Amino acid sequence: MALNVKVNSYKKLKGLPRFVYILAIFTALGMSAGLYRLVAGLGSTTNLSTVFPWGLWISFDLTTVALSGAAFTLAMLVYVFHMHELHAAVRPTVLFGLLGYSSVLVILFFDLGRWDRFWHFLVYPNLTSALFEVSWCIAIYTTILVYEFSPVILERFNNNKLMAFVEKITIPMVIAGITLSSMHQSSLGALFVIAMPRIHPLWYSIIQPEFFFTSSLAAGIATIIVGSHVSIRLFGKTLGQKTIEKLGSLMPWFLGIYLALKLGELIVTGEFGLLFTSGIFSLLYLAELTVGVMVPLVMFLMKKVRISNKLSLVGALFVIAGIVMNRFDISWFVLKPINGVTYFPSWIEIALLVGVISGILLVFSLISHFLPVFTETVSVQSSAEIDAPNLQPVQIPAGD
Amino acid sequence: MGKYGFLIDASRCIDCRACLVACSVENNVPMTSTRIWIIDSGIIGEFPNLKHYTAPYHCMHCNDPSCVSACTVGALQQNEEGIITYDNEACIGCRYCMYACPFEVPHFQWDQQFALITKCDLCVSRLGEGQQEPACAATCPTDAIQFGIREDMLALAHERINNEPDRYVNHVYGEYENGGTSTFYISPIPFEQLGFPTTERTESPAEFNRVTTEKGTPIIAGSMALGMTGIYLALEHRSKKHATVQVEPTETKNDNG
């Protein structure tokens, strides 16, 4: 039996798609850049400065946490709101969330001046610090994601005893995960409340935490929709038509609340006029809201979009583009330069980031290759009713 | 005892940079990373009435410090003398204080492999051992930097402006900015021209931070935890009721019996 498993694993290893090896090369290169940064210090390896102490890495972290919000959003819909028809997406989404958060932790490690003290937040508390709270929430939530993913591993190794226990505490764990997510998603916005003097008034808001939280819900839904399309291409698996349609029907709610908050805040604070008088910043803000919120909001209100795989993909991509713009805007593009100092990342910053992203994709591919991640998803070959684009089924040996 | 304070007079500064040397020696740091530096107006005015002003600049030691509110690991603290101290044993180098500080004070050791924040701690160790002034104030040859009790320094600032209204603009920088500080500046030219970060705001960003972290977050967390539990239980109850209706009568009897 053990031998059988070994032989099968070996066969599976040989059957890995070719992009996995390319990802491995990028990961190795990126990690080398990261090691060099650890040895050489931040000054000579990054373009960070006194004026821009945070750069590309933090913008990436903010974006990734928002997109990884897919995991808690879906857990909320499936387990709390009893939308069991969405259950098929749980495993791949939880895995994506787990790896997304892991990549954030890795990047943060490289970003610290004293990376050897990364654990200090555990023993030196400052309860008024948003970053302290974010650190704790992300640490605990990542553990919960490991728990939420554990059935996949237990199923692979037929450990029924543990599985029964894991299933028993699902609901409390899911609710704890949602609570922690609501805390750190919003607290990431709170980071930019204290940086008041630096942020353009169009973006600055005391309710930044609420903006971050509501937008992470929309980002989460969008990530699941896009993810199902990516997994068609890479793994030959996708979500059923009904799942995508259901997800699409939820989108207008989240986007609508977010848009109302954003515009409402501008009106209440009397900053609405800035939308037209701030030159390039007005354009940037309008672009962000139009691309990321208004266009997809209108799209997902139409049944035609929700039932079409292609159109819902386009709508979800708009939402993700909007999230990327928003997180990069607030942490980088709309920060007031001081004494004319601006920021553009160095090649090492970019290389490490590419390496880490490749790393997550690599681990995702390997895990979903060896573990039953896509069990409930629809195999593309066998589902004619999915209007998937002309696909070449990826060469993965059919399950044993 | 009261809080310590500084009065820094830009009209007296001659840009000799002795304060930087003193800071470097006292804190045993290279001249490139002193905790005090010079803010420079550049050459202003029209020929032949050209002017050039400078002022030494260091941590303002705020009444309600944003950096203390922001620091992830509580490495920055305010002591009872109003000094913002820095614990280099706790700091993880996350640089959040650099964003939080409205006066652009904390600096980072970009050239170090294991890098920390650098910031004026008011030579707190000197103050302890026999009532010496901070190194910069003790060294300044023109008394542009004066050190004493905060209230005295503030009174002195107003006194100088009142005595020589032509010499100074009528503005004590640090009295109200961002909730007030322990370092006061007076200047012959508006502070904006001198290169200071200017603001109309009289409350500290720390106040807004506390609204979100001490009120906002617990409210969000509490309402999510309760709301989610409530919704789950309600929907679970409904689906169970739904299920029992569909169950066949014989089975229901068995359950009851």
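Keep in mind that this is a model prediction, so the values were computed, not measured. (Residues numbered from 1 in each chain as written. Chains lettered and ligands numbered in written order. Predicted model: local features only at pLDDT ≥ 70, side-chain atom pairs only at ≥ 80, totals over all residues.)

On to the overall build of chain A. Along its length, chain A carries 15 helices and 2 strands. Along the longest, intermediate and shortest principal axes, the C-alpha atoms of chain A span 70 × 55 × 40 Å. The buried share of chain A, taken over its 400 residues, is 48%. Considering only contacts within chain A whose residues lie at least 6 apart along the sequence, 81% involve residues at least 24 apart. (Helix = DSSP H or I, 4+ residues; strand = E, 2+ residues; numbered from the N terminus. Buried ≥ 20, exposed ≤ 12 C-beta atoms within 10 Å, placed from the backbone. Contact = placed C-beta atoms within 7 Å.)

With that settled, the discussion passes to the nonpolar core. Core analysis: the largest hydrophobic core is formed by 179 residues, its most contacted members being Ala218 and Ile221 of chain A together with Cys97 of chain B. It is helix α4 (residues 56-80) of chain A that provides the largest number of residues to this core, a total of 17 residues. A domain-level breakdown of this core finds at least three residues from each of domain 1 (4-203) and domain 2 (209-256) of chain B. Residues in contact with cysteine 97 of chain B, not counting those within four places in the same chain, are Cys67, Ala70, Cys71, Leu76, Pro106 and Ile117 of chain B. (Core = buried A, V, L, I, M, F, W, Y, C linked by C-beta atoms within 7 Å. Domains from an automatic or database assignment.)

What follows is about the interface of chain B and chain A. On the chain A side, the residues contacting the 51 residues of chain B number 47 residues. Contributions of two or more residues to the side of chain B that touches chain A are made by α2 (66-70), α3 (96-100), β6 (107-108) and α8 (205-246) of chain B. For the side of chain B that touches chain A, the leading source of residues is α8 of chain B, giving 21 residues. Taken together, the residues of the side of chain B that touches chain A sort by class into 30 nonpolar, 16 polar and 5 charged. (Nonpolar A, V, L, I, M, F, W, Y, C, P; charged D, E, K, R; others polar.)

Looking now at the confidence of the model for chain A. Residues shown with low pLDDT carry predicted positions that ought not to be read at fine detail. Residues and elements named next belong to chain A. Across chain A, the average pLDDT comes to 88, with 90% of residues at 70 or higher. Contacts for the low-pLDDT stretch residues 1-5, under 50 throughout, to residues beyond four places or in other chains number 0 contacts. The low-confidence segment residues 381-400, where pLDDT is below 50, has 31 contacts with residues more than four positions distant or belonging to other chains. (pLDDT = per-residue confidence, 0-100.)

This brings us to the packing of α4 of chain A against helix α15 (residues 347-370) of chain A. All names here are of chain A. Axis separation between α4 and α15 bottoms out at 10 Å; the angle between their running directions is 25 degrees. Taken together, the axis directions place α4 and α15 in an arrangement best described as roughly parallel. Facing α4, whose interface residues are Leu56, Trp57 and Phe60, α15 presents Glu349, Ile350 and Leu353. Partitioned by chemical class, the residues of the contact of α4 with α15 number 5 nonpolar, no polar and 1 charged. (Axes fitted to C-alpha atoms, helices over the stretch in contact; angles between N-to-C directions. Parallel < 35°, antiparallel > 145°, perpendicular 65-115°, else oblique.)

Attention now moves to the sheet that holds strand β8 (residues 145-149) of chain B. Residue and element names in this part refer to chain B. Strand order in this open sheet of 3 strands is β8-β1-β9, and the pairing throughout is mixed. The open sheet has two free edges, formed respectively by β8 and β9 (183-186), since each of these has just one partner strand. Going from strand to strand, the sheet's axes swing by 20 degrees on average, the running direction of each strand aside. (Pairing = 2+ DSSP bridges.)

With that out of the way, let us pick up the pairing of strand β3 (residues 51-57) of chain B. All names here are of chain B. Pairing between strand β2 (residues 37-44) and β3: 6 bridges, direction antiparallel. By the bridge assignment, isoleucine 39 is partnered in β3 with alanine 55. In this antiparallel pair of consecutive strands, β2 and β3, the connection spans 6 residues, and glycine 45 shows a positive phi of 95 degrees.

The next thing to look at is the packing of helix α5 (residues 90-111) of chain A against helix α6 (residues 130-156) of chain A. Residues and elements named next belong to chain A. Between α5 and α6, whose axes approach to 9 Å, the crossing angle comes to 145 degrees. Judged by the twist between their axes, the crossing of α5 over α6 is left-handed. Between α5, through Arg91, Val94, Leu95, Gly97, Leu98, Tyr101, Ser102, Val104 and Leu105, and α6, the contact on the second element is made entirely by Ile138, Tyr141, Thr142, Leu145, Val146, Glu148, Phe149 and Val152. Class assignment of the residues belonging to the contact of α5 with α6 gives a composition of 12 nonpolar, 3 polar and 2 charged. (Left-handed = near helix turned anticlockwise from the far one by under 90°.)

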